[in-house]
Every structure is written in structure tokens, then in C-alpha cells.
Amino acid sequence: MTSDSLSKQFSVSVGASGGFAGFSAGTKDSYLHSVSDNDFQFSINFYSRTSMECETTYGAGTEALNQEGLKTYQGGKNPNFRVLCGDKQVSSFQVGAAVVLSFIIEATESSHLESVKASISFNSPFVSVLTQFSQAASDVQNSVSITLKAVQWGGEPENLGKVLVSGESISCSLSNISACEAVASDLVTYVNSDFVNQLGNNTNGIWSSKYEYLGQLTATNSVS
């Protein structure tokens, strides 16, 4: 999927003014920014996620506000309250674990980047992307580089580090994609055999590994 589609899955954005305290995407925003498109870069992204929806409960009126909210509200006398705190409240949010795999394609010439982009299917399976790269025209291969990047939120992210032993990414080129092939294969194995089992339930039906907020909010209009 494109970087825009990935961002919609994990970013904190519900179309409301103001922010949502406690729901900052943090490191997720940093990763999403690193794979965002520009004139000399685009990315192809894949993710696997195990999640559940948590509903929130609020009191009526000002009982829905915490101490900071009450201070900002000023008994209804602060005209900037909606600007500072937004006009919606979170009714539910997603928690769990997710692993994201990204191919970042960079080029020294924007026209070369567009040439490669036009030859790639964003709906292709992860394992077939490198094959598509290898079929790119020879006249653009020397100006294009590929970075294979991965990140995990929740579960046991230290296990991902055993696959990407050199850090969170590995680089190769269109003319020599072999440097990425083995790692790409190992990442697929990791997602299908290790990651999927990391949030196993104990006898009480509770996830036994840590989970994180995954960036998806459902918001409803707040009281005035």
C-alpha cells in the first residue's frame, strides 16, 4: 500500500480540531514520516496487526473532562476551549500489536523515480515486489536505491531485531537486489510464524504480551 494508506491506518487523525491527550502516535509518527512520499522518494508498505477495540466511558457534561480540561474550560468562559481541546471526544480506540514492512525507493532524478513507480503494483504481495524492481529499465537502475525497513509496536519487538540484525533497515540497489532478498524472506517468515503468536491469550483471555495503542480512534461530537 502507499504511504498515505499506511498513515490512515496508524496515525492519530479523526478530522477534529485540537488534540487528544494520551493518544499521541509518538514513534509511529516518526516512522510514518520516514516512509512518506516526496519528489525523490516513494514507499510500498505492508503490515500485519492483531488488535482489539476498547470503548471509553465518559460522564455527562463537565464530568467528561479531566483536571486539565476543567482548567481550560474555565466554567464555560474560555472562548478558545474548542480550539485547544477539540470538538469531539474519543469513544473507542484500537490496542494490540503491529509490524510494518516498507520498501523505500529513492532516486537522484525525479523522472527515474516516476519510471520505477509506474512499473510497480502497490497491491502486489510482499515477496513479489523485489522481482518487479529487478525488471526496471536498465537506464534508471544506477540512480535508484532501495531500503527495506521494518518496525514493530507491541508484542515482542526485540524478536524483529533478530531478523534485522544490522538495525531497522537494510539497503540494496535495482542492479543488485540480492542484498535485500534474504532479509525479505526472513521477514515474511517472522510475520507468519513468530509475530502472529506473540499476543497469545492466557487462561483468563488476557493478552500475555504487552500491547500498544495503534493509532485508530473513533470520535463523536462532544457536549458543548
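Here we summarise the structure given alongside this text. (Residues numbered from 1 in each chain as written. Predicted model: local features only at pLDDT ≥ 70, side-chain atom pairs only at ≥ 80, totals over all residues. Heavy atoms only, no water.)

Counted at 1.5 Å a residue, the expected span for helix α8 (residues 178-193) with its 16 residues is 22 Å, and the 23 Å between its end C-alpha atoms agrees. Every buried residue of α8 is accounted for by C180, V183, A184, L187, Y190 and V191. Along α8, the residues classed as buried sweep out an arc of 120° about the axis, all on the same side. (Helix = DSSP H or I, 4+ residues; strand = E, 2+ residues; numbered from the N terminus. Expected span 1.5 Å × (residues − 1). Buried < 20%, exposed > 50% of the residue type's maximum accessible area, 1.4 Å probe, protein only. Arc of directions from axis to C-beta.)

Where burial is concerned, most of strand β3 (residues 144-153) is hidden: nine out of the ten residues are buried. Here five bridges tie β3 to strand β4 (residues 169-173), and the two strands are oriented antiparallel to one another. Counterpart to S145 in the pairing with β4 is S173. (Pairing = 2+ DSSP bridges.)

All told, the structure shown has three aromatic pairs when counted by the stated rule. The interplanar angle of 90° and the centroid separation of 6.2 Å between the aromatic rings of Y31 and W153 together place this pair among those described as edge-to-face. In this pair, Y31 sits in helix α2 (residues 27-34) while W153 sits in strand β3, placing the two residues 122 residues apart along the sequence. Judged by relative accessible area, which is 4%, Y31 ranks as buried. Residues F103 and F126 carry aromatic rings whose centres are separated by 5.1 Å and whose planes lie at 25° to one another, so their mutual orientation is stacked. Of this pair, F103 sits in strand β2 (residues 88-107) while F126 sits in helix α6 (residues 126-134), and the two are 23 residues apart along the sequence. A residue is classified by how much of its surface remains accessible, and F103, at 0% relative accessible area, is buried. Through successive ring pairs, a cluster of aromatic residues spans F46, F103 and F126. (Phe/Tyr/Trp six-rings, centres within 6.5 Å; stacked < 30°, edge-to-face > 60°.)

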